[in-house]
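# A structural walkthrough
Each chain is listed here by its residues.
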Amino acid sequence: MANTGKARAYTNIALIKYWGKKDDDLILPMNSSLSLTLDAFYTETTVHFDETLKEDQFYLNQTLQNPTQTKKTTRFLDLVRHEAGITTPAIIESTNYVPTAAGLASSASGFAALAGAASLASGLELDLQALSCLARRGSGSATRSIYGGFVEWQMGSNDLDSYGVPIDDASSWDLAMLFVVVNQKEKVISSRDGMKQTVATSPFYSGWLESTAKDLITIKEAIKEHDFQKLGETMESNGLKMHATMLGATPPFTYWEPDSIQAMQFVAELRQEGIPCYFTMDAGPNVKVLCHKSDLPKIKAKFATIFQETQLITAYPGPGIQLSKGDFY
Ligand code: DP6
C-alpha cells in the first residue's frame, strides 16, 4: 500500500554508556558510546499516512493511546513530515516484542523502528546514516539500533554528524547476555531526567567524560583483538563509573536495588570460580551479564539458585533494522 512503511528494530545495550546531552533538542550527546544490538527484544512498527485522519492515531501493543501518550510520537512524526514536505496525519501501530514478564520495553528499538517506518511511508529516501540521525531525535540510544552487532555512536557536533557506525557484526564472537530482571516497575527517574541532573550537578561528571573517552578506545581495541576479558572489564568499569556520577548529583540518586547489588557480587564470585562474565546496568535496577555463549547454561543455572527462572532472560547479538514497504519481510 502506498504511504505505508514498516520496520523492525532491535534494542541495544551500551557497553560504553551515553550519559548526558550537550543539546537537548537535537539529542547530541556529551560523549561517544558503544553498544551491542540484541536479538531478544525488538519493536515492529507500521506507519500509514492517511488524508482522511484528523490527527495521528497511535496504537501501542494493540491499544489506542490517548493524546498525552501520543504526544512524543506526533512530535517525532512532525520532524519526518517537515522533512518530507507533508502535513498528513498517520496511523501508527507499534508492538514491542519483549519476553513475557520482562518489563523491558525500550525507547531504542521503539524510536529506531518509528524512524524507519515513518521515513519509508513519507517517501523519504534515507540511507542508514541519515536514518540513524533521525532515530537519534527520538531517543539517543535509538541512534545505535539501526545496525546489528557492535555499534559506535559517534557524538559529532551537529544534527548531521552525530550517528551510529557499525563496528563489527559480532557474528564471529561467541557472545550471550543474561538479563537478570530485578524489578519490572516503571523507573522513578527517567534516563532523560537522570542524565540532565547529573550533568548539571555532579562534580564527578568531568571525570566520567575523561575516562569514557579512554574506555571507548580500549573497548574498540578489545573488539578488534577479539579479547573478551578486555571487553568485559572495560564494559563493567565504564558502567560502574556512570552509576558513580549519579551518587555525586544533587540531589543524589541511584537505580540500584539490593538485588542489583547481589547480582553484581554474584558475577564477581562466578569469575573467581573461573567463569568469565561481566555485568553492566542502565537507568534501572536490572543487571545484564555478558558471557561466552558456551558458558551461558552454567551461568544461568548458577543464577537460578538465587533468582527465579522467570527473572532470567537470554539474549544474543542481533541484526540491524529491517524495513519493508509492503507486507512483512
Ligand atoms: C543509561 O537513550 O533512553 O541506557 O536520549 O533522553 O531518550 P534519551 O535517553 P536514552 O538513554 C540511555 C541511557 C543509558 C545508556 C546508553 O544506552 O548508552
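Here is what the cut-offs are and how they apply
- Residues numbered from 1 in each chain as written.
- Predicted model: local features only at pLDDT ≥ 70, side-chain atom pairs only at ≥ 80, totals over all residues.
- Heavy atoms only, no water.
- Pairing = 2+ DSSP bridges.
- Helix = DSSP H or I, 4+ residues; strand = E, 2+ residues; numbered from the N terminus.
- Axes fitted to C-alpha atoms, helices over the stretch in contact; angles between N-to-C directions.
- Contact = heavy atoms within 4.5 Å.

## Focus: the sheet that holds strand β12 (residues 287-292)
- On the basis of which strands lie adjacent, the open sheet formed by 4 strands has the order β11-β12-β10-β13 and antiparallel pairing. Each having just a single partner strand, β11 (277-281) and β13 (312-315) make up the two edges of the open sheet. Taking the axes of each pair of neighbouring strands and ignoring which way they run, one obtains an average angle of 25 degrees across the sheet.
- In terms of strand pairing, β11 meets β12 through 5 bridges, oriented antiparallel. Within the sheet, the bridge partner assigned to Y278 lies in β12 and is L290.
- Each of β10 (175-180), β11 and β12 touches helix α6 (residues 228-247); the most contacted strand, β11, lies at about 30 degrees to it.

## Focus: the pairing of strand β5 (residues 57-60)
- Relative to strand β7 (residues 90-97), β5 runs parallel, the two being bridged by 4 bridges. Bridged to L60 within β7 is S94.
- Two strands pair when backbone bridges link them, and β5 and strand β6 (residues 63-64) are joined in this way by 2 bridges, in the antiparallel orientation. Its bridge partner being in β6, Y59 is matched across the sheet by L64.
- As consecutive antiparallel partners, β5 and β6 are separated by 2 residues, and within that stretch N61 has a phi angle of approximately 50 degrees, a positive value.

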